[in-house]
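# Report on the structure
For reference, the chains in residue letters:
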Amino acid sequence: MTSLLIFFVLVLIGIAIWQLTKIFDLTQVGSNSADSEVANDKDNSINGYLMFAFVGFIYIFTIYSLLKWGDLVLGTPASEHGADVDNLMAISMYLIFFVQTITQFLLHYFTFKYRGKQGQKALYFADNNKLEAVWTIIPVIVLAGLILYGLYTWNDIMYYDDEEEVIYVELYAKQFGWEARYSGEDNTLGKANVRFIEGVNTLGVDLSDPAAQDDKVVNELHLPKGKKVVFKMRSQDVLHSAYMPHFRAQMNCVPGMITQFAFVPSMTTAEMREDEAIIAKVDKINKIRAKKSIELAAKGEEALDPYTFDYLLLCNKICGQSHYNMQMKIVVDTPEEFKAWLNEKPTLSSQWAEANAPAPVVVPVPEVVVPVETIEDSTKVVAQIIK
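As a starting point, this report considers the structure included with it.

The rules we used
- Residues numbered from 1 in each chain as written.
- Predicted model: local features only at pLDDT ≥ 70, side-chain atom pairs only at ≥ 80, totals over all residues.
- Heavy atoms only, no water.
- Helix = DSSP H or I, 4+ residues; strand = E, 2+ residues; numbered from the N terminus.
- Buried < 20%, exposed > 50% of the residue type's maximum accessible area, 1.4 Å probe, protein only.
- Patch = residues over 30% accessible without salt bridge, like charges linked within 9 Å, V, L, I, M, F, W, Y side chains within 5 Å.
- Areas by Shrake-Rupley, 256 points an atom, 1.4 Å probe, with all protein chains shown as cover.
- Salt bridge = Lys/Arg side-chain N within 4 Å of Asp/Glu carboxyl O.
- Phe/Tyr/Trp six-rings, centres within 6.5 Å; stacked < 30°, edge-to-face > 60°.
- Lys NZ or Arg CZ within 6 Å of the ring centre and 35° of its normal.
- Pairing = 2+ DSSP bridges.
- Axes fitted to C-alpha atoms, helices over the stretch in contact; angles between N-to-C directions.
- Contact = heavy atoms within 4.5 Å.

So, on to the environment of Q321. Looking at the secondary structure, you find Q321 in the loop between β9 (311-315) and β10 (327-333). Q321 sits in the exposed class, given a relative accessible area of 76%. As for Q321 and F176, which are separated by 145 residues in sequence, their C-alpha atoms are 8.8 Å apart.

Where nonpolar side chains cluster on the molecular surface, the patch consists of F52, F98, V99, I102, F105, L106, F110 and Y114 and spans about 750 Å² of accessible area. Looking at the nonpolar patch element by element, the count peaks at six residues for helix α4 (residues 82-113). Position of L106 relative to the elements: it lies in helix α4. Overall, L106 belongs to the partly exposed group, its relative accessible area being 35%.

A separate point is unusual backbone geometry. Geometrically, the link from Q175 to F176 is a cis peptide bond, its omega value of 0° lying close to zero. Relative to the assigned elements, F176 resides in the loop between β1 (166-174) and β2 (177-182). At N187, a position not held by glycine, the phi torsion is positive, near 55°. Looking at the secondary structure, you find N187 in the loop between β2 and β3 (216-218). Phi angles above zero are rare outside glycine, and R248 is one such case at about 55°. In this structure, R248 sits in the loop between β6 (240-244) and β7 (249-253).

The tally for this structure, following the rule as stated, stands at 19 aromatic pairs. Ring geometry for F110 versus Y114: centroids 5.9 Å apart, planes at 40°, classification tilted. Overall, F110 belongs to the partly exposed group, its relative accessible area being 40%. Measuring from ring centre to ring centre gives 4.7 Å for F247 and Y311, while their planes differ by 45°; the resulting arrangement is tilted. Taken together, the positions of F247 in the loop between β6 and β7 and Y311 in strand β9 put the pair 64 residues apart, joining distant regions of the chain. Each of the two residues, F247 as well as Y311, counts as buried. Among the aromatic residues, those joined into a cluster by ring pairs are Y49, F52, F105, Y109, F110, F112 and Y114. Taking NZ or CZ as reference, K113 lies 5.7 Å from the ring centre of Y114, over its face. Cation over ring: R115 sits above Y49, and NZ or CZ is 5.6 Å from the ring centre.

Our next topic: the sheet that holds strand β5 (residues 228-235). Here five strands make up an open sheet; going across it, the order is β3-β2-β1-β5-β8 and the pairing mixed. Each end of this open sheet is capped by a strand with a single partner; those strands are β3 and β8 (259-263). Mean inter-strand twist for the sheet, computed between neighbouring axes without regard to direction, equals 25°. Taken together, the five bridges between β5 and β8 define a ladder with antiparallel strand orientation. From the neighbouring strand, V230 faces β8, where its bridge partner is A262. The strands touched by helix α5 (residues 129-158) within the sheet are β5 and β8, with β8 carrying the most contacts at an inclination of about 90°.

Structure follows, in structure tokens:
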């Protein structure tokens with residue numbers, strides 16, 4: 001891949017040098033090469049046909065892309081607001097595809113139809129108020145509709161009543177991994193600051209805060225189905241982005257501030273694994289992995305394990321060298337399974353107390369020296385008893 005990239009770079013450099021030499025020739029006053037660059041009817045016709053052919057290429061490649069890679073689009077959403085996000089995306093894509101199809105055709109068709117011809121002059125319009133009104137009002141109405149729908153969906157996602165039953169979870173991003181903190185029985189996250197990071201306290205939780213005493217830190221995110229989860233997001237170092245594609249959720253994690261996102265999971269991990277689209281994708285992935293495993297086995301290397309679907313928390317900002325591998329597994333449980341799982345996890349305060357407990361005091365036992373004579377007398381007594 002690196003060699004191919006170097007090849008394309010060299011080709012582009014060669015083309016750039018060639019074009020620069022042509023521009024240099026054109027700047028030379030009185031040169032014959034400048035006269036030869038004046039387009040004639042044949043040149044205009046060739047360019048016109050090429051432009052008209054290019055619009056055909058655009059349509060063919062678009063249709064091919066939809067057929068070839070259309071299955072890569074995310075399928076069933078796993079959150080309650082996901083359907084609204086998918087509808088907004090579908091409407092936007094349909095509008096873009098419709099407008100792009102018409103405008104690109106007209107652009108390339110007019111380029112072909114009104115190509116330059118000897119003796120032909122273009123008709124100049126200073127302005128056309130009706131035409132400008134049409135292409136201004138229509139986009140304004142369409143875009144206003146999309147923006148209002150988007151704001152409605154956004155407010156529906158982000159708004160929650162303080163008295164509403166929600167679960168508070170903190171997502172903590174750092175190069176290059178994630179940690180999560182649950183608010184515990186009081187449903188309140190304790191204060192935190194990077195200055196408190198030490199030992200097992202990798203999130204910098206202020207353990208003197210009473211609200212932090214029941215907080216629990218984990219490396220695998222579990223969510224209960226049907227319960228609204230409010231995520232509080234922090235970053236330790238650079239700008240990250242918490243991206244949960246199957247839940248149609250994404251929010252930047254900004255150093256020095258807390259950002260927020262909320263959603264209600266609507267499908268457990270087990271239910272999503274039974275989804276027809278997911279089953280087809282998993283099967284496709286495992287066929288690729290099986291083929292690769294044959295190649296690895298032929299080289300004496302370890303084969304790849306079969307892939308099993310899991311929800312993932314990813315980073316959607318290029319945050320450094322290992323950005324590609326910055327992910328955390330998400331498991332959506334039933335409320336009962338989630339409660340049982342969370343109850344098994346120790347609190348951060350107990351982990352801190354255990355890690356910083358004073359070492360036990362070892363009391364030395366005095367050494368007792370038994371005279372040799374005493375040992376010999378004891379041996380004689382034991383021998384007499386045996387007889």
